[in-house]
Amino acid sequence: MALIEIVTWPTPVLLAPARPVENIDGAFVKLVEDMRETMYAAPGLGLAAVQVGVDRRFFVYDVSEDKERPEFKVLVNPQITAREGTVISENEGCLSVPECRADVTRSARVTVEGADLDGKPVRLDAEDLLALVMQHEIDHLDGKLFLDHLSTLKREFIKRKLKKRIRGL
Ligand code: NI
């Protein structure tokens, strides 16, 4: 297993819709293992393939509260099929938007359909933190970042901060 470099804004793979996963083979399973290591090392609650430079529609996540008992999951070709309510996702952040956080308006509950690592259909009725993680990660697969949910003013402020950070590296 190996850690993979997480790409950050404005890397193009983060800004365009990703392609569907067509087959789950040994290389795919190996990539998922590396993404697992990378997510826990970061640490993050979720990591989309595009964040490690892979143009495919899947992500890994773990929203378990007890870090002694990890609940590692993979969701392949996920889609939000229903939304309900509105909630503020407080102080949301993203490994690809380092050192920046903002409140984001999101749906309170979502239904997500996709597949697991065996290709078996998965359907999740998510609320609370899981619903927020689903929306954040599925946004990644559509080429969107939490920045895209902010007002132009706030978004431009964060982009200026990111550009300064890049110049300073
Ligand atoms: Ni993110």
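Fair warning: this is a prediction, and the values are worked out from it, not measured in the lab.

Draft legend 1. Layout of the sheet that holds strand β2 (residues 58-61). Here 5 strands make up an open sheet; going across it, the order is β1-β2-β3-β6-β7 and the pairing antiparallel. In this open sheet, the two strands that pair with only one neighbour each are β1 (46-48) and β7 (121-127). Each neighbouring strand pair of the sheet contributes to a mean axis angle of 40 degrees, computed without reference to strand direction. Of the strand pairs in this sheet, strand β6 (residues 109-115) and β7 are connected by 7 bridges, and their pairing is antiparallel.

Draft legend 2. Main features of the pairing of strand β4 (residues 87-94). One ladder, built from 5 bridges, connects β4 with strand β5 (residues 97-106); its direction is antiparallel. Within β5, the residue paired with Val87 across the bridge is Arg106. Between β4 and the antiparallel strand that follows it, β5, lie 2 residues.

Draft legend 3. Spatial organisation of the coordination of the nickel ion. Distances from the nickel ion to its protein donors, namely Cys94 (SG), His136 (NE2) and His140 (NE2), fall within the range 2.1 to 2.3 Å. Spacing between the donor residues of the nickel ion along the chain follows C-x41-H-x3-H. A residue pair is termed a helical-turn pair when its members lie 3 or 4 positions apart in one helix, as His136 and His140 do in helix α2 (residues 128-141) at 4 residues. Assigned by exposure class, His136 and His140 land together as buried.

Draft legend 4. Here's a closer look at the packing of aromatic side chains. All chains considered together, the criterion is met by 3 aromatic pairs. Note on Phe28 and Phe58: the rings are 4.5 Å apart at their centroids and 50 degrees apart in plane angle, and the pair reads as tilted. Of this pair, Phe28 sits in helix α1 (residues 26-41) while Phe58 sits in strand β2; the two residues are 30 residues apart in sequence, bridging distant segments of the chain. For Phe28, a relative accessible area of 8% translates into the label buried. Between Phe59 and Tyr61, the aromatic rings sit 5.7 Å apart at their centres with planes inclined by 50 degrees, giving tilted as the arrangement. Across this residue pair, the class does not change: Phe59 and Tyr61 are buried. Taking NZ or CZ as reference, Arg36 lies 4.5 Å from the ring centre of Phe72, over its face.

Conventions we followed
- Numbering of residues starts from 1 in each chain and follows the order in which that chain's sequence is written.
- Confidence filtering applies because this is a predicted model: local features only for residues at pLDDT of at least 70, side-chain atom pairs given and counted only at 80 or more, and all residues used for totals across whole chains, interfaces and linings.
- Remark: hydrogens and water are excluded; side-chain values derive from all non-hydrogen atoms of the structure.
- In this analysis, strands are considered paired if DSSP registers two or more bridges between them.
- A run of H or I in DSSP becomes a helix once it reaches four residues, and a run of E becomes a strand once it reaches two; helices and strands are each numbered from the N terminus.
- Lines are fitted to the C-alpha atoms to define the axes, a helix being fitted only along its stretch in contact, and any angle between axes, read from their N-to-C directions, falls within 0 to 180 degrees.
- Each metal site is built from N, O and S donor atoms within 2.8 Å (3.2 Å for Na, K and Ca), and since water is not included, such sites may look incomplete.
- Note on exposure labels: buried denotes an accessible area under 20% of the residue type's maximum, exposed denotes more than 50%, and partly exposed covers the range between, all computed with a 1.4 Å probe on protein chains only.
- Note on aromatic pairs: the rings of Phe, Tyr and Trp (six-membered ring only in Trp) are paired at centre separations within 6.5 Å, and the planes decide the class, stacked below 30 degrees, edge-to-face beyond 60, tilted for the rest.
- Should the NZ of a Lys or the CZ of an Arg lie within 6 Å of a ring centre and within 35 degrees of the ring normal, that charge is described as sitting over the ring.

Any link to function would need more than the numbers given here.
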